[in-house]
Amino acid sequence: MNKKILAFLGIFAIVMIGYAYAADSADSLNNTLTISGINFTIPEGMTEDIAEEVVNETGADENYTFVTNSKTLEDNENVVIITVATYDQNLTEDYINDIGEKTTINNITGYLEDQSFFALFSYIQDNDLVIVTANDKNLIEEVLS
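Reading the values: rules and limits
Residues numbered from 1 in each chain as written. Predicted model: local features only at pLDDT ≥ 70, side-chain atom pairs only at ≥ 80, totals over all residues. Heavy atoms only, no water. Phe/Tyr/Trp six-rings, centres within 6.5 Å; stacked < 30°, edge-to-face > 60°. Helix = DSSP H or I, 4+ residues; strand = E, 2+ residues; numbered from the N terminus. Buried < 20%, exposed > 50% of the residue type's maximum accessible area, 1.4 Å probe, protein only. Lys, Arg positive; Asp, Glu negative; His and termini not counted. Salt bridge = Lys/Arg side-chain N within 4 Å of Asp/Glu carboxyl O. Polar contact = N/O pair within 3.5 Å; in protein donor to acceptor, adjacent residues only side chain to side chain. Contact = heavy atoms within 4.5 Å. Pairing = 2+ DSSP bridges.

**As for the packing of aromatic side chains**
Here a ring pair, both rings aromatic, is described through the centre-centre distance and the interplanar angle of the planes. In total, this model carries six aromatic pairs according to the counting rule given. Ring geometry for Tyr64 and Tyr87: centres 5.7 Å apart, planes at 85 degrees, overall edge-to-face. Of the two residues, Tyr64 sits in strand β6 (residues 64-74) while Tyr87 sits in strand β7 (residues 79-87), which places them 23 residues apart along the sequence. Each member of the pair, Tyr64 as well as Tyr87, is classed as buried. For the pair Phe66 and Tyr87, a centre-to-centre distance of 5.0 Å together with 35 degrees between the ring planes defines the contact as tilted. One end of the pair, Phe66, is in strand β6; the other, Tyr87, is in strand β7, with 21 residues separating them in the sequence. Residue Phe66 is classed as buried on the basis of its relative accessible area of 17%. Taking the relative accessible area as the measure of exposure, Tyr87 reaches 7% and is therefore buried. A network of ring pairs unites the aromatic residues Tyr64, Phe66, Tyr87 and Tyr95 as a single cluster.

Here is the structure:
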């Protein structure tokens, strides 16, 4: 399995474990959430789990360094994790083309990895790698609307 896929799945697993153990400290959100200058639509009824927020966490992968910001949204049945990693170098499609199948969701072209228990959609916007992960693919479509 590709190192990038393992890294993304590892991050997802860590966040889900944290989600399971986090105190219920969610705040209500408006309909729009902005992360690193990118706007996302918040599905109705979902709230932010403040305990799971990632702010300006630095990391490295291959020859890249990046700064990650992430928010976790939830309701009684669903979870959505929106992650934006800003890279110090220009990203190309080659960086993510082995993470799922190329597809377009709401006029955004990226790569979708759709498993039975979660879906992960990755795309590049400017110099940001955007990853939207949810336990239901339909939630990804809502977030990107």
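**Considering the side chain of Asp128**
Counting through the fold element by element, Asp128 comes out in strand β11 (residues 128-134). For Asp128, which is buried and forms no salt bridge, the nearest opposite charge comes from Lys71, at a distance of 15 Å. Polar side-chain contacts of Asp128 include one of 2.6 Å to the side chain of Thr86. The contacts of Asp128, once residues within four sequence positions are left out, are Ser36, Ile38, Val84, Ala85, Thr86, Leu91 and Tyr123.

**A word on the pairing of β6**
Counting buried positions over the 11 residues of β6 gives nine, a clear majority of the element. Pairing of strand β4 (residues 47-49) with β6, which is carried by two bridges, proceeds in the antiparallel orientation. Across the sheet, the residue bridging to Glu48 is Leu73, located in β6. By the bridge criterion, six bridges tie strand β5 (residues 54-61) to β6 in an arrangement that is antiparallel. By the bridge assignment, Thr58 is partnered in β6 with Val67. Here β5 folds back onto β6 in antiparallel fashion, the turn holding two residues, of which Glu62 has a positive phi close to 55 degrees. Judged from the nine bridges that link them, β6 and β7 form a sheet pairing that is antiparallel. Along β7, the bridge assignment pairs Lys71 with Ile82. Hairpin connection of β6 to β7: four residues between the antiparallel strands.

Scope: geometric values only; no functional claims are made or implied.
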